[in-house]
Amino acid sequence: MSVGRPLPGDVVEDAIDQPFWDACNDGVLLVYRCNICATSYWPAGSCTAHGMRDIEWVPAAGTGHLHTWTVVHQKYSKSFTDKPTVVAVVKLDEGPLLHTNLIDAEGTDLRVGMPVEVVFETVEEGAVLPVFRPRP
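The shown structure was predicted, so the numbers you read here are calculated from the model rather than taken from an experiment.

Student: Lay out the overall build of the protein chain in plain terms, naming residues and giving numbers.
Tutor: Helix and strand counts for the protein chain stand at one helix and eight strands. For the protein chain, the succession of helices and strands along the chain, N to C, is α-β-β-β-β-β-β-β-β. When the 136 residues of the protein chain are sorted by exposure, 38% land in the buried category. Taking the intrachain contacts of the protein chain between residues at least 6 apart in sequence as the baseline, contacts between residues at least 24 apart amount to 47%.

Here is the structure:
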């Protein structure tokens, strides 16, 4: 069964990413990893060195560091709340960059390299998205 994904709106559903979204429903973050060189990717794609020869979805630690962010004050989409939204890029400990939202960061001095961890939010239509929060 396909999970409706209200965010990001410009991503088309495809079968190769479905295990990622199914795992989000179970509170598990996955990365696509080459079993030959152990390089991880997100979203799913082919290994730059080995193609699709031996690549699979594997659980990620769910931790990483804040790579960059912006604070959105204007509600451009119904997915944004009335309070400012922190849209971020997180560098996962496994290596890939993940576009996400940063939550529970009010009053936090955001900085590049700040440790973060994944949590899962249920949004409209029952879709579950990985978002990140500052790690203690």
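Student: Can you explain the packing of aromatic side chains? Please cite residues and give values.
Tutor: Going through the model one piece at a time under the given rule, you end up with four aromatic pairs. Measuring from centroid to centroid gives 5.8 Å for Phe20 and Trp57, while their planes differ by 40°, and the two rings are tilted. Placement of the pair is Phe20 in helix H1 (residues 18-25) and Trp57 in strand S3 (residues 55-59), with a sequence separation of 37 residues. Side by side, Phe20 and Trp57 carry an identical accessibility label, which is buried. A network of ring pairs unites the aromatic residues Phe20, Trp21, Tyr32, Trp42 and Trp57 as a single cluster.

Student: Tell me what's going on with the pairing of strand S5 (residues 85-92), and back it up with residues and numbers.
Tutor: Counting buried residues in S5 gives six out of eight residues, a clear majority hidden from the surface. In this sheet, S5 lies alongside strand S4 (residues 63-72) in antiparallel orientation, the contact comprising eight bridges. In the sheet register, His65 faces S5, and the bridge partner there is Lys91. As defined by bridge partners, S5 adjoins strand S6 (residues 97-102) across six bridges and the pair is classed as antiparallel. Across the sheet, Val86 pairs through a bridge with Leu102, a residue of S6. Here S5 folds back onto S6 in antiparallel fashion, the turn holding four residues, of which Gly95 has a positive phi close to 120°.

Student: Would you mind going over unusual backbone geometry in detail, with residue names and values included?
Tutor: Residue Trp42 is joined to Pro43 through a cis peptide bond whose omega torsion reads 0°. Of note in this structure, Ala38 is not a glycine but carries a positive phi near 65°. Topologically, Ala38 is positioned in the loop between strand S1 (30-34) and strand S2 (40-41).

Student: Any details on the nonpolar core? Residues and values, ideally.
Tutor: Of all hydrophobic cores here, the largest spans 31 residues; its most connected members are Phe20, Leu29, Leu92, Leu102, Leu110 and Phe132. Discounting residues that sit within four places of it in the chain, Leu92 has contacts with Leu29, Val31, Thr63, Gly64, Leu98 and Phe132.

About the cut-offs
Residues numbered from 1 in each chain as written. Predicted model: local features only at pLDDT ≥ 70, side-chain atom pairs only at ≥ 80, totals over all residues. Heavy atoms only, no water. Helix = DSSP H or I, 4+ residues; strand = E, 2+ residues; numbered from the N terminus. Buried < 20%, exposed > 50% of the residue type's maximum accessible area, 1.4 Å probe, protein only. Contact = heavy atoms within 4.5 Å. Phe/Tyr/Trp six-rings, centres within 6.5 Å; stacked < 30°, edge-to-face > 60°. Pairing = 2+ DSSP bridges. Core = buried A, V, L, I, M, F, W, Y, C linked by side-chain atoms within 4.5 Å.

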